[in-house]
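The lines below spell out each chain.
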Amino acid sequence: MSAQQLVMEGLLLMVIGMGTVFVFLTILVLTTQAMSRLLAYLPEEAPPALATVAPVTPPTGGIADDTLVAVISAALHRHRGRSSSGAGKRRK
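For the structure given in this document, a descriptive report is provided here.

What counts and what doesn't
Residues numbered from 1 in each chain as written. Predicted model: local features only at pLDDT ≥ 70, side-chain atom pairs only at ≥ 80, totals over all residues. Heavy atoms only, no water. Helix = DSSP H or I, 4+ residues; strand = E, 2+ residues; numbered from the N terminus. Buried < 20%, exposed > 50% of the residue type's maximum accessible area, 1.4 Å probe, protein only. Areas by Shrake-Rupley, 256 points an atom, 1.4 Å probe, with all protein chains shown as cover. Patch = residues over 30% accessible without salt bridge, like charges linked within 9 Å, V, L, I, M, F, W, Y side chains within 5 Å. Salt bridge = Lys/Arg side-chain N within 4 Å of Asp/Glu carboxyl O.

This paragraph deals with the overall build of the protein chain. Across its full length, the protein chain carries 2 helices and 0 strands. Taking all 92 residues of the protein chain together, the buried fraction comes to 1%. Per element, the accessible surface of the protein chain, about 9300 Å² overall, is 70% carbon and sulfur.

Here it is as structure tokens:
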């Protein structure tokens, strides 16, 4: 094959490929527009009613809450100690 034939085949392949993409995108746009028009004629559905939920009462203070606060405070203290001194290093 000569260089001219290769260039012509390349151009033909490019035109066929671009034409295929153009046709596909045109069909996609037309289909989307047709679906939009079809949905415009359908009635809208009413949003579902929200179920009412009984309010949750917060737990009253007690030994469990005090222990939880102490554990969380200790964890934060230890985490902040690692973050400021280690700067990204992990301790084992």
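Side chains of Val-7, Met-8, Leu-11, Met-14, Val-15 and Met-18 sit close together on the surface and give an oily, nonpolar patch of about 600 Å² of accessible area. Mapped onto the secondary structure, Met-8 falls in helix H1 (residues 3-41).

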